[in-house]
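Okay, here's what each chain looks like letter by letter:
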Amino acid sequence: MSDDPDLIRVEGAERAYRRSRILVVLLIPIAMALVAVSSINVALPSISQTLGATDTDLQWVLSGYALTFGISLVPAGRAGDVLGRGRLFVIGLLVFSLASLACGLAPDPQVLNVSRFVQGVGAGLYNPQTMGMIQQYWRGMERARAFALFGTVVAVSVAVGPLLAGSVIEVLGPEVGWRATFFINFPAGLLGCALALRWFPFETERRRRAAKQAAMEARRTGTPALLRERIDLDPVGAVLLALAVLCVMLPFMSDGGGLVWLLLAAGVALLVLWVRWERLYRRRGRAPMVDLTLFSFPSFSHGTAVAGSFFLGSTSIFVVVAIYMQNGLGASALETGLIGLPNAVVSAFASIRAGRHALTRGRTIVIRSLCFVLVGLALSVVVAVLIERYGIAFWWLALPLMLCGVGQGGLGSANQTLSLEDVPTRYGGTAGGVKSTAERIGTAIGNAMITGVFFAVVGADAWQAGFAAGFAAVAVCLLLSLAIALRDRRVSGEGRAVVSVS
């Protein structure tokens, strides 16, 4: 039994823990968080109808969650690295679950939006702990397989979210249906908390508790005092980065007019100030929230850049598809969700396959995956032209979107593994938070930019032209990601690129 590779033992615990169980608990809440992002587009018409929400209300239903999610990620990752990832995971999942219940019970748009803000904070608290714990308890190919499953969950969740919401609303009706999409998260989240308390090792928490008890015992007996570990969460750095992310994301999520774009310049200035503060903090012998030497790892810096630029375009694919199908072609919410199901299926298989080869051919997989998505985008535009000119069924869109799914699954799995492969375990949560923040910022900017292009071209019911323009904008973002991926392969090769940091 002790030779079972699935078992791990931690100091201070009498029993062994199974990594397979830990992974199950980690991945299900990730799916919940991403479904909460991707499904809401389908539910917005029902929310507007039943709550009498204005366009501004609906915009904040979308943006509020993404905003607090993005702001929370890096501070939460740092707190998990220092205080214990298991504890932060459980707290975040509980907050997310209770906020989901509040969303489903919301009597008006104001309560719904406040609940969405809190839901985003909860998701931001537990998401970086997932990557941190995979870094902590898996190594080599086992870690690559774990990240492959992580990539599968991400890809499938984003694609299945609209289908799930559309199906529930179709069955239960608009009044109950959109509320049920939130209610689902409540029992699932509580179950996740219970399983985490049972199956997580809580290694850091045990070590900190033992150190505290030893210090108390030393004081009681009059023995020489033990040095207690200093907790340094860098609150100034946390506030500066949160404000910078807020100022960068908010202009792309708001319709507040021209003045709101001044926040973008403020965000850049705050980001520069944050970098200077982190360097100064480290020179003083303190532990900064983000040790900037992380970016001396080419695998991490390039992988984060690939992810951010990829999310800049890729997460808008199904936003454009949903608008085009529902507004331009008159498809139902359920039909709009179903069109993405084949994408989700092939994405899952591609993610698992990519995970098997991520450590040997990962950077080539990333490049090929981007090419798959670009070809899928081009063929989707061809299908849209055929729909308009020859009246073929919109279901043909599922085929080129499957090609996009092959690329999305392959890239997500391989890039996730490579970008964190060389990061020291003690920085796992922080690094995961930084990478996820880049993805959230990319998503916010991309959605605003690409839907803006779409509606600028649509004009007088030119839905096919808007679809083509939107996908062309997505392709430009992916070409940027491809350029970064090609540079990453030139610098790092196919193997690991480890750089020593002090």
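Let me sum up the structure you'll find in this document.

Criteria and cut-off values
As a convention, each chain's residues are numbered from 1 in the sequence order in which they are written. The predicted origin of the model limits local features to residues at a pLDDT of at least 70 and limits the giving and counting of side-chain atom pairs to 80 or more, whereas totals for whole chains, interfaces and linings rest on all residues. To obtain the side-chain values, all non-hydrogen atoms of the structure were used and water was disregarded. Here a strand is any run of E in DSSP of at least two residues, a helix any run of H or I of at least four, and the numbering for each starts at the N terminus. What a helix should span is 1.5 Å times the count of its residues minus one. Note on exposure labels: buried denotes an accessible area under 20% of the residue type's maximum, exposed denotes more than 50%, and partly exposed covers the range between, all computed with a 1.4 Å probe on protein chains only. Note: the arc covers the axis-to-C-beta directions of the helix. Any two residues whose heavy atoms approach within 4.5 Å are treated as being in contact. Ring geometry is summarised as follows: Phe, Tyr and Trp rings, the Trp one being its six-membered ring, pair when their centres sit within 6.5 Å, and such pairs are stacked at plane angles under 30 degrees, edge-to-face over 60 and tilted between the two. Salt bridge, as used here: a side-chain nitrogen of Lys or Arg that lies within 4 Å of a carboxyl oxygen of Asp or Glu. Here the axes come from fitting lines to C-alpha atoms, over the contacting stretch only for helices, and the angles between their N-to-C directions go from 0 to 180 degrees. Under this scheme an angle from 65 to 115 degrees is roughly perpendicular, one under 35 degrees roughly parallel, and one over 145 degrees roughly antiparallel; angles in between are oblique. For any helix crossing, the convention is left-handed if the near helix is rotated counterclockwise from the far helix by under a right angle, and right-handed if that rotation is clockwise. Following the grouping adopted for this structure description, the nonpolar residues are Ala, Val, Leu, Ile, Met, Phe, Trp, Tyr, Cys and Pro, the charged ones are Asp, Glu, Lys and Arg, and the polar ones are all others, Gly among them. Nonpolar cores were defined as sets of buried Ala, Val, Leu, Ile, Met, Phe, Trp, Tyr and Cys residues, with membership established by side-chain atoms within 4.5 Å. Note on disulfides: each one is a pair of cysteine sulfur atoms within 2.5 Å. Residues enter patches when their relative accessible area tops 30% and they take part in no salt bridge; the joining distance is 9 Å for like charges and 5 Å for the nonpolar side chains Val, Leu, Ile, Met, Phe, Trp and Tyr. Here the accessible surface of atoms and residues is derived via Shrake-Rupley with a 1.4 Å probe, and residues count as covered only by protein chains that are part of the display. Positive charges are assigned to Lys and Arg, negative charges to Asp and Glu, while His and the chain termini are left out of the count. A charged residue contributes its charge at one atom only: NZ of Lys, CZ of Arg, CG of Asp or CD of Glu. Here a polar contact means two N or O atoms within 3.5 Å. Within protein one must be a hydrogen donor candidate and the other an acceptor candidate, and residues neighboring in sequence count only if both atoms are side-chain atoms.

### Here we look at helix H9 (residues 203-221)
Over its 19 residues, H9 extends 27 Å from the first C-alpha to the last, a length consistent with the 27 Å expected when each residue adds 1.5 Å. Every buried residue of H9 is accounted for by Thr204, Glu205, Arg208, Ala215 and Ala218. Looking down the long axis of H9, one finds its buried residues gathered within 155 degrees of arc, a one-sided arrangement. The exposed residues of H9 that point more than 90 degrees off its buried face are Gln213 and Arg220. Summarising the contacts, the buried residues of H9 are in contact with helix H3 (55-83), helix H4 (85-105) and helix H5 (109-137).

### A look at the packing of aromatic side chains
The full count for this structure, using the stated rule, is 17 aromatic pairs. Ring centres 5.1 Å apart and planes at 90 degrees place the aromatic pair Phe252 and Trp261 in the edge-to-face group. For Trp261, a relative accessible area of 41% gives the class partly exposed. Within the aromatic cluster, the residues linked to one another by ring pairs are Phe89, Phe96, Tyr126, Phe200 and Phe202.

### Regarding the pattern of salt bridges
Overall, the coordinates contain 10 salt bridges when judged by the stated rule. With a shortest N-O distance of 3.0 Å, Arg18 and Asp4 are connected by a salt bridge. One end of the pair, Arg18, is in strand E2 (residues 17-18); the other, Asp4, is in the segment before strand E1 (7-8), with 14 residues separating them in the sequence. The exposure class of Arg18 is partly exposed, given its relative accessible area of 24%. Arg363 is the salt-bridge partner of Asp488, the closest N and O atoms lying 3.0 Å from each other. Within this pair, whereas Asp488 is found in helix H18 (residues 463-492), its partner Arg363 is found in helix H15 (residues 341-390), the two being separated by 125 residues in sequence. Classification of Arg363 by relative accessible area gives buried; the value is 3%.

### A word on the packing of helix H12 (residues 298-314) against helix H16 (residues 398-421)
One way to put it is that H12 packs onto H16 with a least axis distance of 8 Å and a crossing angle of 155 degrees. The orientation of H12 with respect to H16, classified from their angle, is roughly antiparallel. As H12 runs across H16, the sense of the crossing is left-handed. Touching Ser299, Phe300, Gly303, Thr304, Val306, Ala307, Phe310 and Ser314 of H12 are Gln408, Leu411, Asn415, Leu418, Ser419 and Leu420, all from H16. The class makeup of the residues in the contact of H12 with H16 is 7 nonpolar, 7 polar and no charged.

### Looking at the environment of Gly337
As for its placement among the helices and strands, Gly337 is situated in helix H14 (residues 333-338). Judged by its relative accessible area of 2%, Gly337 is buried.

### Looking at the environment of Gln49
When you line up the elements, Gln49 lands in helix H2 (residues 40-51). The spatial distance from the C-alpha of Gln49 to the C-alpha of Glu175 is 8.2 Å, given a sequence separation of 126 residues.

### Overview of the nonpolar core
In this structure, Phe89, Ile134, Phe150, Phe200 and Phe300 are the most contacted members of the largest nonpolar core, which totals 69 residues. Considering every element that reaches this core, the biggest residue donor is helix H10 (residues 235-253), with 11 residues. The residues touching Phe200, leaving out its near neighbours within four places in the chain, are Tyr17, Ile22, Val25, Leu26, Gly86, Phe89, Met133 and Leu195. Grouped together as the second largest cluster of nonpolar side chains are 45 residues, Val306, Ile323, Met325 and Leu374 included.

### Thoughts on the state of the cysteines
Within the structure shown, the criterion is met by 0 disulfides. Cys371 supplies the cysteine sulfur nearest to Cys404, a cysteine that is in no disulfide, at a spacing of 12 Å. A disulfide-free cysteine, Cys477 has its sulfur positioned 14 Å from the sulfur of Cys404, the nearest such atom.

### Quick word on unusual backbone geometry
The backbone phi angle of Phe202 is positive, close to 50 degrees, even though this residue is not glycine. When you line up the elements, Phe202 lands in the loop between helix H8 (185-199) and H9.

### Examining the packing of helix H13 (residues 317-328) against H18
The relative placement of two packed helices is expressed as an angle between their axes plus a distance between the axes. At a minimum axis separation of 10 Å, H13 and H18 run at an interaxial angle of 180 degrees. The angle between H13 and H18 falls in the class roughly antiparallel. Between H13 and H18, the residues in contact are Ile317, Val320, Val321, Ile323, Tyr324, Asn327 and Gly328 and Trp463, Gln464, Phe467, Phe471 and Val474, respectively. Per-class residue counts for the contact of H13 with H18 are 9 nonpolar, 3 polar and no charged.

### A short note on a positive patch on the surface
On the surface, a cluster of positive charge is contributed by Arg353, Arg356, Arg361, Arg368 and Arg489. Looking at the positive patch, the element that brings in the most residues is H15, giving 4 residues. With respect to the helices and strands, Arg368 occurs in helix H15.

### Some details on a nonpolar patch on the surface
Taken together, the side chains of Leu338, Leu341, Val345, Phe349 and Trp395 present a nonpolar region at the surface, about 470 Å² in accessible area. A total of 3 residues in the nonpolar patch trace back to one element, the largest contributor, which is H15. For Leu338, a relative accessible area of 33% puts it in the partly exposed group.

### Describing H5
Think of an α-helix as turning once every 3.6 residues; residues three or four places apart then point the same way. Over its 29 residues, H5 extends 42 Å from the first C-alpha to the last, a length consistent with the 42 Å expected when each residue adds 1.5 Å. Looking at where H5 begins, the residue whose side-chain oxygen comes 3.1 Å from the main-chain nitrogen of Gln110 is Asp108.

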